[in-house]
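# Observations on the three-dimensional arrangement
Now for the letters of each chain:
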Amino acid sequence: MSTAFEPITIGRYTARNRVVMAPMTRNRAYGPGASPTRLMATYYAQRADAGLIITESTQPSPIGQGFPNTPGLHSAEQVEAWRRVTAGVHERNGLIFAQLMHAGRVGHPSLHGGTLTPVGPSPVKAAGTVFTMDGPQEFVTPRALDRVGIRETIEDFASAARNAIEAGFDGVELHAGSGFLLHQFLSTNANQRDDEWGGSARGRGRFSVEVARAVADAVGADRVGLRIWPSHVYNDIVEDGHHDTYLALLDALNPLGLAYLHIAEGPDTELTHRLRERWTGTLILNPYTPGAFTGPESLKLIDSGAADLISYASLFMANPDLPRRLRAGGPFNTPDFSRAYGGDHKGYTDYPPLPGP
Ligand SMILES: Cc1cc2nc3c(=O)[nH]c(=O)nc-3n(C[C@H](O)[C@H](O)[C@H](O)COP(=O)(O)O)c2cc1C
């Protein structure tokens, strides 16, 4: 039997298995002021058999929101509503981290009643469109964060992490991928700064490192993970010299003693091996599986030592009891991606578990 079903330490916790629910934005936070609903609590509780659940992207501040109906962790109302979610998962002895995501330059003023302009490392507009309440719209030119703005944004992350713990989360994951704010700082096109927050690999990594440090100071490094998406071309991100960028990032993050690093692997799988060697902590891998979603065969990567845990998104969407199905070798429900983003319980909480105990 694969070690995938044996417990493992993640930061200060013991996960019951090594099958992680990867973060999935589902755009159903219809509660007041971008808060989670009871339906969301049901959805996460159904999936509590995961070794670790990482929630959908959650904005640490209003300006961090990147899509309609995504939840936040910046108000008392949201903290209160998240309590139902974390309690449901804990009742079933699960572990749940909130993924904190700031969209940066790929947000849109229409998400804020037209009153706020998205921020970024530099005033460089991304090519492409963002999905808004009024359909797809062109990205806008962001307002470049000045040094004070950078410090305030870092504090927003720390404050959201404190809120997450207050809401009952076991920890937080920082989203440094998908072309969102942390990734924008890491990139060589969205970040055109010539101060200490840009330029060299170390300079471009500084924002991620300082966010991680502030959040670790706020809630404990052993409750903080960080997710990267190296070599993914997404949201108009360019990463020249990405090996240097990510190796320098890991060198700066290692001393913080974070709970884990989560790699959403891109086409450059060679880089994953280098990062695995360089990272001194626990590694969660979401393997690169072009044209398919992560399947049962990926668990072999745990036994071969390529990763400590494997994360699943699509299969977890459709299979609330995924660890059990993986252990049994299937069968698996098929995800309905037409119901991925927004909607009601259909394609959300109505995927059946396997019959029997
Ligand atoms: C509906 C959906 C929403 C997603 N939302 C997020 C997100 O909020 N944050 C994130 O880091 N990744 C997000 N992802 C990416 C997944 O976490 C994962 O890396 C990707 O789907 C590949 O894994 P899979 O083959 O198991 O689906 C999303 C994926 C899907 C399918």
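This text follows the structure it describes.
Numbering of residues starts from 1 in every chain and runs along the sequence as written. The predicted nature of this model means local features are confined to residues of pLDDT at least 70 and side-chain atom pairs, given and counted, to a pLDDT of 80 or more, with totals for whole chains, interfaces and linings taken over all residues. In computing side-chain values, all of the structure's heavy atoms are included and hydrogens and water are not.

### Overview of the pattern of salt bridges
Here is the rule we go by: The rule for a salt bridge is simple: a side-chain nitrogen of Lys or Arg has to be within 4 Å of a carboxyl oxygen of Asp or Glu. Each residue is placed in one exposure class: buried if its accessible area under a 1.4 Å probe, protein chains only, is under 20% of its type's maximum, exposed if it is over 50%, and partly exposed if it falls in between.
Applying the stated rule across the entire model yields 14 salt bridges. Across the salt bridge formed by Asp321 and Arg325, the nearest N and O atoms sit 2.7 Å from each other. What makes Arg325 buried here is its relative accessible area of 3%. It is possible to trace a salt-bridge network through shared partners that takes in Glu80, Arg83 and Glu166.

### Considerations on the sheet that holds strand β10 (residues 171-176)
Inclusion rule: When DSSP finds two or more bridges between two strands, those strands count as paired. Helix numbers and strand numbers start at the N terminus; a helix is a DSSP run of H or I with at least 4 residues, a strand a run of E with at least 2. Working convention: axes come from line fits to C-alpha atoms, limited for helices to the stretch in contact. Angles between N-to-C directions cover 0 to 180 degrees.
Strand order in the closed barrel formed by eight strands is β3-β4-β5-β10-β11-β12-β13-β14, and the pairing between neighbours is parallel. Strand-to-strand twist in this sheet, taken as the mean axis angle between neighbours without regard to direction, amounts to 25°. Examined bridge by bridge, strand β3 (residues 19-21) and strand β14 (residues 309-312) share three bridges and lie parallel to one another. Looking at the pairing, Val20 lines up with Ser311 of β14.

### Section: helix α7 (residues 269-278)
Stated formally: The arc refers to the directions leading from the helix axis to the C-beta atoms. Note on contacts: a residue pair is in contact if any heavy atoms of the two residues lie within 4.5 Å.
Buried within α7 are the following residues: Leu271, Thr272 and Leu275. Seen end-on, α7 carries its buried residues on one side only, within an arc spanning 105°. Contacts from the buried residues of α7 go to β11 (224-228), α6 (242-253), β12 (260-264) and β13 (283-286).

### Considering the site of the ligand
Applied cut-off: The nearness test applies per residue and asks whether one of its heavy atoms lies within 4 Å of the molecule or strand. Distance and chemistry together define a polar contact, namely a pair of N or O atoms within 3.5 Å, with one atom able to donate a hydrogen and the other to accept it when in protein, and with adjacent residues in sequence counting only for side-chain atoms on both sides. For the accessible areas, the method is Shrake-Rupley and the probe is 1.4 Å, while residue cover comes only from the protein chains on display. The method works on a 1 Å grid over the protein atoms by themselves. A cavity is a set of points holding a 1.4 Å probe that cannot get out, a pocket is an open set with protein on both sides within 12 Å along at least five of seven lines, and residues with an atom within 4 Å of a point line them. Think of it this way: if more than half of a molecule's atoms are within 2 Å of a pocket's grid points, that molecule is in the pocket or cavity. The residue classification treats Ala, Val, Leu, Ile, Met, Phe, Trp, Tyr, Cys and Pro as nonpolar and Asp, Glu, Lys and Arg as charged. All others, Gly included, are polar.
Close contacts around the ligand come from 18 residues, with Pro23, Thr25, Arg227, Asn286 and Ser314 the closest. Within the contact set of the ligand, an oxygen atom lies 2.8 Å away from a backbone nitrogen or oxygen of Pro23. Between Asn286 and the ligand, the recorded distance is 2.7 Å, taken from a side-chain N or O atom to an oxygen atom. Surface burial for the ligand is 86%, taken as the share of its 600 Å² of free accessible area covered by protein chains. Among the detected pockets, the ligand sits in the largest pocket. Here the shell around the ligand is composed, by residue class, of ten nonpolar, seven polar and one charged.

The analysis is restricted to geometry; functional conclusions fall outside its scope.
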